[in-house]
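# Secondary and tertiary structure notes
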Amino acid sequence: MDPVLPSGNKMHEKKISSLLAERRVRRCLACGTEDIKPGRRYCSRQCRQKLMWVLSLSKGLLQTLNTRYATFSFTEHCVALDVMPTWSNGISRFVYERKSGYPPANALKELVLEAGKEWYEKRSRRISRSFASQSILQEKVEQSINPNSIMPNTNRIPRLSADQKKALRHLSINMDNLVFGDYVREIRKAYRGMAKVYHPDKGGDGERFKEINRAHELMIQWTRDPKFQSNSALPGCWSYNGYRNRWSPPLWH
Ligand SMILES: [Zn+2]
């Protein structure tokens, strides 16, 4: 049986997962078309640029609404902008219908302009800026949306070269132990443990011991200027981080 796609205003019943996630078909991240070359994330440069332009247009609205995090997703029938403001853990959903053949970027543009117009109407009734923002968001709160679904993954992982990754394996260090802790201590501890087993004086393998020493040296070098990569992307939707005022594309599988 085909999955029933949520349509129109009924779609708040579940978090919109893009068609991309539902069918595991490679689709353009900006418009959803399946007409996409292997290894590409977008059907064309113009398509990507069009969505980028509208996403940057949306930043004005998102900042006005004091947005902490937001996501942008679309189905065949509509686009949705989910907003979590700095002053609440609630999520407000802005939805706009996709007329047939209407790319998500166009629908998002209409959505942003409409929300902006609503905000200005409230302002013209001498409502303060922040109250205008709060009242718009309150009208659109969707209790059914789990706040965690729009918070970016704040896990950070060490940014390591291929040699450094190999070094971790030689020392039997789990990458998770290099995230927030005292990683110099962690590396030395692992090194001492391995040395106990592989030191030639203790009957260990000389070649293996040399490798362990090289691995230790490499990892100590990393700790002098440790670099991390943080993963702010979400699967199936575009994500916005208000602290950085930046949109990230969906996680690519
Ligand atoms: Zn496209």
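For the structure, check the block above.
Before going into details, it helps to say that this report is about the structure given with it. (Residues numbered from 1 in each chain as written. Predicted model: local features only at pLDDT ≥ 70, side-chain atom pairs only at ≥ 80, totals over all residues. Heavy atoms only, no water.)

### Looking at a nonpolar patch on the surface
Note the cut-off: Patch members must show over 30% relative accessible area and no salt bridge, and they are joined within 9 Å when carrying like charges or within 5 Å when they are nonpolar side chains of Val, Leu, Ile, Met, Phe, Trp or Tyr. The method behind every accessible area is Shrake-Rupley, applied with a 1.4 Å probe, and residues are considered shielded solely by the protein chains displayed. Between Lys or Arg on one side and Asp or Glu on the other, a salt bridge is scored when a side-chain nitrogen of the former is within 4 Å of a carboxyl oxygen of the latter. In this text, helices come from DSSP runs of H or I with a minimum length of four residues, and strands from runs of E with a minimum of two, each type numbered from the N-terminal end. Accessibility here uses a 1.4 Å probe with only protein chains present; expressed as a share of the type maximum, an area under 20% marks a residue as buried, one over 50% as exposed, and anything in between as partly exposed.
Taken together, the side chains of Trp-53, Leu-57 and Leu-113 present a nonpolar region at the surface, about 300 Å² in accessible area. Checked against the element boundaries, Leu-57 lands in helix 2 (residues 45–64). A relative accessible area of 32% means that Leu-57 is categorised as partly exposed.

### Section: unusual backbone geometry
In this structure, Arg-126 takes a positive phi of about 60° despite not being glycine. On the secondary structure map, Arg-126 appears in the loop between helix 3 (104–124) and helix 4 (129–139). Exposure remark for Arg-126: the relative accessible area of 81% places this residue in the exposed category. Backbone geometry at Asn-245 places phi at a positive 50°, although glycine is not the residue there. Relative to the helices and strands, Asn-245 is located in the loop between strand 6 (238–241) and strand 7 (246–248).

### A word on the environment of Lys-109
Heads up, the rule is: Whether two residues are in contact is decided by their heavy atoms: any pair within 4.5 Å suffices.
Along the chain, Lys-109 falls in helix 3. When the C-alpha atoms of Lys-109 and Tyr-96 are compared, they prove to be 9.5 Å apart, with 13 residues separating the residues in sequence. Each residue touching Lys-109, except ones within four places of it in the same chain, is listed here: Trp-53, Val-54 and Leu-57.

### Comments concerning the coordination of the zinc ion
Under the convention used in this document: Coordination partners: N, O, S within 2.8 Å of the metal, 3.2 Å for Na, K and Ca; water not considered, so apparent gaps in a site are possible. Here the metal geometry follows the donor angles, with tetrahedral for four donors whose angles all fall between 85 and 135 degrees, square planar for four and octahedral for six when opposite donors are more than 155 degrees apart and every other angle is between 65 and 115, and irregular for all the rest.
Every protein donor of the zinc ion is accounted for by Cys-28 (SG), Cys-31 (SG), Cys-43 (SG) and Cys-47 (SG), and the metal-donor separations fall at 2.2 to 2.3 Å. For the zinc ion, the four donor atoms in the first shell make angles of 106 to 116° at the metal, so the coordination geometry reads as tetrahedral. Donor residues binding the zinc ion come from one chain and are separated in sequence as C-x2-C-x11-C-x3-C. Residue Cys-31 is found in the loop between helix 1 (19–23) and helix 2, and its partner Cys-47 is found in helix 2; the two are separated by 16 residues along the sequence.

### What to know about the side chain of Ser-133
Mapped onto the secondary structure, Ser-133 falls in helix 4. Judged by relative accessible area, which is 2%, Ser-133 ranks as buried. For Ser-133, the contacting residues outside a window of four places in its chain are Thr-64, Leu-65 and Trp-119.

### Things to note about the sheet that holds strand 7
Rules: Paired strands are those between which DSSP finds at least two bridges. Whenever a helix is involved, its axis is fitted only over the stretch in contact; in every case the axis is a line through C-alpha atoms, and angles between N-to-C directions fall within 0 to 180 degrees.
Read across the open sheet, the five strands follow the order 3-2-1-6-7; overall the sheet is antiparallel. Every interior strand has two partners, whereas the edge strands, strand 3 (92–97) and strand 7, have only one. Within this sheet the neighbouring strands show an average axis-to-axis angle of 15°, counted without direction. Alignment of strand 2 (residues 78–85) against strand 3, held across six bridges, turns out to be antiparallel. From the neighbouring strand, Cys-78 faces strand 3, where its bridge partner is Glu-97. The strands touched by helix 3 are strand 1 (67–74), strand 2 and strand 3; relative to strand 3, the strand with the most contacts, the crossing angle is about 125°.

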